[in-house]
Amino acid sequence: MFKVGLEEAYPLAAAGKEILRGFIRHHKDKVFGCCKLIFPVKRQGRWVLAVSATDTCCNIGKLNAERSNSFEEFENNNYLRRLVRNGELEQGFKHLEKMVSQGDIPDIIPCTSLIRGFCRGGKTKKATRVLDILEQSGAVPDVITYNVLISGYCKSGEINSALKVLERMSVAPDVVTYNTILRSLCDSGKLQQAMEVLDQQLRKECYPDVITYTILIEATCKESGVGKAMKLLDEMRSRGCKPDVVTFNVLINGICKEGRLEEAIDFLNNMPSYGCQPNVITHNIILRSMCSAGRWMDAEKLLAEMLRKGCAPSVVTFNILINFLCRKGYLGRAIDMLEKMPKYGCVPNSLSYNPLLHGFCKEKKMERAIEYLEIMVSRGCYPDIVTYNTLLTALCKDGKVDVAVEILNQLSSKGCSPVLITYNTVIDGLAKMGKTERAMQLLCEMKERGLKPDIITYSSLVGGLSREGEVEKAISFFKELQGLGIRPNAVTYNSIMLGLCKARQTDRAIDFLVHMVSKGCKPTESTYTILIEGIAYQGLTNEALELLNELCSRGAIKKTSAQQVVVNF
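Given the structure is predicted, the values throughout are model-derived calculations rather than measurements.

Asks: Is there a simple way to think about the overall build of the chain in this case?
Replies: Of the regular secondary structure elements, the chain holds 33 helices and 3 strands. Across the 569 residues of the chain, 46% fall into the buried class. Of the contacts made within the chain by residues no fewer than 6 positions apart, 59% connect residues no fewer than 24 positions apart. Carbon and sulfur atoms form 53% of the exposed surface of the chain, whose accessible area is close to 29,500 Å².

Put into structure tokens, the structure is as follows:
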């Protein structure tokens, strides 16, 4: 045997420590094989490598070649990591293909990240292709790799593909694997199939955890009722799996939804005896059920009991109570509740203020509504689109369309983009106030914003034009919506017929009725009363009365409505 310096046998200084790590990671078998040829010894206080004299000549060239290959493979994996980390997924995929084509074994960690990236982008098939390449390369994906792909398929609603990945796994699935699939099946209403997967899980001796059973208990409550869910709770305990507060919350929620509030309260009170303390969510479930049942006094007592036990209320707790008080018209008490929130460390959000604003609007107290909108903003709580839609609806109903338009114009500057219902509300308000031209300008504006008008938008405009005597323009809009594939409803037809009748074109109105029926749109009572009044308006009172009597006898018009029509003759 002869000895050489460590730097000569393996030039660490030149290649760096990372090369050695990469070499060992990807070629463990080769490293251990080389250990038979090269081994460190200490000579004169200096570490050197001892190399077998018999094997040196025939193997040193092979070692150098493998070292070179491992360095290239390590660098390729590093480059793959950088591409994935920078979000360059397509480039990463191409680089992965190139690596495998030249015999490199890819690192599973960046490949798992690549799969995750494709799944997040909705490219589950591409993610599966990464797994295929990984498996074909000789690398062994771990359970995390498979779980990431299964999760991606479940989130995209491709549960059958997720199940196929479960079947092809080259490593044993863990409880996370099964929980992901069970959650997806239960959310899709496939409880029976979920129970079959649970049986498969048990056969493979992968034992369910508290999350597994909570998922199944929640689905069973929804599909089969709390009674069957309780049997699952018993099974859970018999397997030594202890339910937690989330499990009990699911059961209490199920009991409340079945209208068994007293049982839910008993369950809440008994939770400590089961070794589990109720949390704020538990109390919120009961509070919501109490408020739905109109039991305000009990809700107040429960809130006091929460505080006595040291269970701090959350923003949701107060929002439940504020919403109830506003629905009942107790706006003063709702304001008191709102003002108490900071005392308990709760900052009101838009869901705290929205019921108040809605309550003021309902009572036509627009000044108070706007006042609280300003208070809301001054406290750093910015209104959402629901807040503004509530306010705009109330303003339009109150005839204050100009104020509504002004608020609409300010929305974008306040960081709140208007949606379709926002525009529809203001367009309808303008049309009803005889300002259809301004409403049509808003139609153009919403199209520029990329919002697609619907039948409500066009019906409002058609109705406005008809009321203003612009029946031909209304018919043009009617034809436009048909060209866009939007199906007119009874309101749209009625608006056109009303405009034609006012223009003494009852014959054309009757033609529209025929067209309406031919398109499968059922006439309403208003359809017939519009036509009857139109006939009378043209001086054909006897004919109108005859038609009215005929329609009453057929049940198309109620007698009370017929009497009102006669008054209008």
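This is not the end of the story, as more comes after the structure.
Asks: When you look at the pattern of salt bridges in this model, what are you seeing that I'm missing?
Replies: A pair can form between side chains of opposite charge whenever their charged atoms are brought close. Enumeration over the complete set of coordinates arrives at 26 salt bridges. Between glutamate 135 and arginine 168 there is a salt bridge, with its nearest N and O atoms 2.4 Å apart. Highlighted residues: glutamate 135 in helix H8 (residues 124-136) and arginine 168 in helix H10 (residues 159-168), separated in sequence by 33 residues. Its relative accessible area of 28% is what places glutamate 135 among the partly exposed residues. By relative accessible area, arginine 168 is classed as partly exposed at 30%. Across the pair aspartate 398 and lysine 400 runs a salt bridge whose closest N-O atoms are separated by 3.4 Å.

Asks: Is there a simple way to explain the side chain of asparagine 249 in this structure?
Replies: For asparagine 249, the position within the fold is in helix H15 (residues 245-257). For asparagine 249, a relative accessible area of 7% translates into the label buried. Polar side-chain contacts of asparagine 249 include one of 2.6 Å to the side chain of threonine 282. Excluding residues within four positions of it along the chain, asparagine 249 makes contact with Asn279, Ile281, Thr282 and Ile285.

Asks: Explain the packing of aromatic side chains to me, please; I cannot follow it from the model alone.
Replies: In this description, an aromatic ring pair is defined by two values, namely the gap between the centres and the angle between the planes. With the rule as written, the count across this model stands at 10 aromatic pairs. Relative to tyrosine 274, the ring of phenylalanine 248 has its centre 5.7 Å away and its plane inclined at 20°; by these criteria the two rings are stacked. Of the two residues, phenylalanine 248 is situated in helix H15 and tyrosine 274 in the loop between helix H16 (261-270) and helix H17 (280-292); the sequence distance between them amounts to 26 residues. With relative accessibility at 0%, the residue phenylalanine 248 sits in the buried group. Classification of tyrosine 274 by relative accessible area gives partly exposed; the value is 37%.

Procedures and definitions
- Residues numbered from 1 in each chain as written.
- Predicted model: local features only at pLDDT ≥ 70, side-chain atom pairs only at ≥ 80, totals over all residues.
- Heavy atoms only, no water.
- Helix = DSSP H or I, 4+ residues; strand = E, 2+ residues; numbered from the N terminus.
- Buried < 20%, exposed > 50% of the residue type's maximum accessible area, 1.4 Å probe, protein only.
- Contact = heavy atoms within 4.5 Å.
- Areas by Shrake-Rupley, 256 points an atom, 1.4 Å probe, with all protein chains shown as cover.
- Salt bridge = Lys/Arg side-chain N within 4 Å of Asp/Glu carboxyl O.
- Polar contact = N/O pair within 3.5 Å; in protein donor to acceptor, adjacent residues only side chain to side chain.
- Phe/Tyr/Trp six-rings, centres within 6.5 Å; stacked < 30°, edge-to-face > 60°.

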